[in-house]
Amino acid sequence: MGIYNFYAPTEVLLGKGAESETGRMVRKYGGTRVLLHYGSGSVIKSGLLNRIKQSLEEEGISYVELGGVVPNPHLSKVYEGIELCKKEGVDFLLAVGGGSTIDSSKAIGYGLAEPDKDVWELYDKKRKAAGCLPVGVVLTIAAAGSEMSDSSVITNTETGEKRGYSSNYARAKFALMNPDLTKTLPDYQTQAGCTDIIMHTIERYFVQGNCMELTDQIAEGLVRTVMQNALILHQDPENEKARAEVMWASSLSHNGLTGIGHDTKDFSSHRLEHEMGGMFDVTHGAGLAAVWGSWARYVYKECLPRFVRFAEKVMDIKRTDGMDDEQFALAGIQAIEQFFHQIGMPVNMKELGIEPTEEQLHEMAAGCSRASGGKLGSAKVLVEEDMYNIYKMAL
């Protein structure tokens, strides 16, 4: 057994009214001049932003605002945030929203830590980060897990590239998580978030090499819990308990817990989706659902024991007489696609609403190959031809 590093320094407050602790937590972690970074008008209309401002003011903490973060957050907004923070003397970044806002805040933090360098060089894998301004989170969407992860994803709209970067420097100092704040989300966004949580977990599950039994059981339990509560929320979006279960799962799915004791991780589906997101600006979780089944059918023979285990332990498939391991694994893949349909998620690109041309399929495969250094994955190592084949299957 090798040495596995689990580092999850983010302080979490989970429960009703957690956002009321914002000022105290910013003060605790050294913030005196804050950037309030958020997306659209929803945090304003709900009154959340005003409650956060009040909490900061009660602690004597000043702030400036930068809204307008969009899904698949843009590099241009990151640059805008860097310049604003320089001008205003900001020393703490507060992300109010979901993964897009958190990722944008992390990127701004990287840029402020090295103000004489282009932050995109990190995402373009041209250098490594040397630091990041401290980030805190008031979470409003359970999905990306960025509130406890070391990763962020930014889209360069000029080049059409969607790229991720990971560093412990950017881990949030704290995450304030009130499940009630997610109740205003449209069902499509809730279910796309649940899909992303599932994918973060199984990207660490379908791997080659050693795996730890306890970690497998944690991952399997997490996926089953998210599936159960996604179905509840599809019918009853006000269900408080289900909201809390999904919100906590979001954090645990991407803070490294579900990969401890595993020799590798895969993340092929995420990389494949990044190219789709960069080109077509699709909702991330829905894009993952659209490509995952094709990826799974392309690689399952190379990782058959893991797919068999998943079918039994997560999808509760019963083996019928004469059913061999391949048929059993395929039944598990089909079952999760049926679940995606139950919660309104697509299982191919047509259902996602995009129809890439042959040229665009090759362009996405080439981009995915470049971003991954020519090879990608663990369940089955993919090269550019494989990536193209998976995209083709997913049409």
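Residues numbered from 1 in each chain as written. Predicted model: local features only at pLDDT ≥ 70, side-chain atom pairs only at ≥ 80, totals over all residues. Heavy atoms only, no water.

Q: What's the story with the overall build of the protein chain in this structure? I'm lost.
A: A count of helical and extended segments in the protein chain gives 16 helices and eight strands. By the compact-globule yardstick of 21 Å for 395 residues, the protein chain fits well, its C-alpha radius of gyration being 20 Å. Projecting the C-alpha coordinates of the protein chain onto the three principal axes gives extents of approximately 70 × 45 × 45 Å. Out of the 395 residues belonging to the protein chain, those deemed buried represent 57%. Looking at the protein chain alone, contacts between residues at least 24 apart form 77% of all its contacts between residues at least 6 apart. Surface summary for the protein chain: the accessible area is close to 16000 Å², and the carbon and sulfur share equals 49%. Here the protein chain carries 40 positive and 53 negative side-chain charges, and the mean point of each set is 3 Å from the other. (Helix = DSSP H or I, 4+ residues; strand = E, 2+ residues; numbered from the N terminus. Rg over C-alpha atoms; globule rule 2.2 N^0.38 Å. Buried < 20%, exposed > 50% of the residue type's maximum accessible area, 1.4 Å probe, protein only. Contact = heavy atoms within 4.5 Å. Areas by Shrake-Rupley, 256 points an atom, 1.4 Å probe, with all protein chains shown as cover. Lys, Arg positive; Asp, Glu negative; His and termini not counted. Charge placed at Lys NZ, Arg CZ, Asp CG, Glu CD.)

Q: Sorry, what's going on with the packing of aromatic side chains here?
A: For any pair of aromatic rings, the description consists of the separation of the ring centres together with the inter-plane angle of the planes. Taken as a whole and assessed by the stated rule, the structure comprises 15 aromatic pairs. On the basis of an interplanar angle of 10 degrees and a centroid distance of 5.9 Å, the ring pair of Phe 92 and Phe 174 is categorised as stacked. Taken together, the positions of Phe 92 in strand E4 (residues 92–97) and Phe 174 in strand E8 (residues 174–177) put the pair 82 residues apart, joining distant regions of the chain. In this structure Phe 92 comes out as buried when scored by relative accessible area, which is 0%. Look at Phe 174 and you get buried, because its relative accessible area is 0%. What links up through ring pairs into an aromatic cluster is the set Tyr 205, Phe 206, Trp 292, Trp 295, Phe 307 and Phe 310. (Phe/Tyr/Trp six-rings, centres within 6.5 Å; stacked < 30°, edge-to-face > 60°.)

Q: Which parts of the structure should I look at to understand helix H16 (residues 384–393)?
A: Because an α-helix completes one turn every 3.6 residues, residues spaced three or four positions apart along the sequence face the same direction. Regarding H16, the residues found buried are Asp 386, Met 387, Tyr 388, Ile 390 and Tyr 391. The secondary structure elements touched by the buried residues of H16 are helix H10 (268–280), helix H11 (284–299), helix H14 (349–352) and helix H15 (358–371).

Q: Could you clarify how one ought to interpret the side chain of Thr 201 in this entry?
A: Tracing the backbone through its elements, the reader meets Thr 201 in helix H7 (residues 187–202). Here the side chain of Thr 201 touches Ile 197 through a polar contact of 3.0 Å, landing on its backbone oxygen. The residues contacting Thr 201, other than those within four sequence positions of it, are Ala 219, Leu 222, Val 223, Ser 253 and Thr 258. (Polar contact = N/O pair within 3.5 Å; in protein donor to acceptor, adjacent residues only side chain to side chain.)

Q: Even after reading the chapter, I still don't get the sheet that holds strand E1 (residues 11–14), so can you show me in this structure?
A: Strand pairs in the sheet, formed through backbone hydrogen bonds, run parallel or antiparallel to each other. Read from one edge to the other, the open sheet built from six strands follows the order E1-E8-E5-E4-E2-E3, with strand pairing classed as parallel. With partners counted over all chains shown, the strands left at the sheet margins are E1 and strand E3 (62–66), one partner each. Averaged over neighbouring strand pairs, the angle between their axes works out to 20 degrees when direction is ignored. Here four bridges tie E1 to E8, and the two strands are oriented parallel to one another. (Pairing = 2+ DSSP bridges. Axes fitted to C-alpha atoms, helices over the stretch in contact; angles between N-to-C directions.)

Q: I would appreciate a short explanation of the pattern of salt bridges in the present structure.
A: Think of it this way: side chains of opposite charge can pair up when their charged atoms draw near. For the structure on display, the rule yields 26 salt bridges. The partner of Glu 213 in a salt bridge is Arg 309, with the nearest N and O atoms 3.0 Å apart. With Glu 213 in helix H8 (residues 213–235) and Arg 309 in helix H12 (residues 304–313), the pair connects residues that are 96 residues apart, well separated along the chain. Given a relative accessible area of 16%, Arg 309 falls into the buried group. One salt bridge in this structure joins Arg 309 and Asp 216, with 3.9 Å as the shortest N-O distance. Here the residue Arg 309 occupies a position in helix H12, and Asp 216 occupies one in helix H8, the gap between them amounting to 93 residues. Salt bridges here are not isolated pairs; linked through shared partners, they connect Glu 213, Asp 216, Glu 220, Arg 306 and Arg 309. (Salt bridge = Lys/Arg side-chain N within 4 Å of Asp/Glu carboxyl O.)

Q: Would you mind showing me how to read the pairing of strand E6 (residues 151–156) here?
A: Look at any regular strand and the pattern is simple: side chains alternate between the two faces of the sheet. Counting buried positions along E6 gives six out of six residues, so the element sits mostly inside the fold. Of the two faces of E6, the one holding Ser 151, Val 153 and Thr 155 and the one holding Ser 152, Ile 154 and Asn 156 are both buried throughout. Bridging between E6 and strand E7 (residues 161–166) involves six bridges; their strand directions are antiparallel. Each bridged residue has a counterpart across the sheet, and for Asn 156 the counterpart in E7 is Glu 161.

Distances and angles like these do not, on their own, reveal function.
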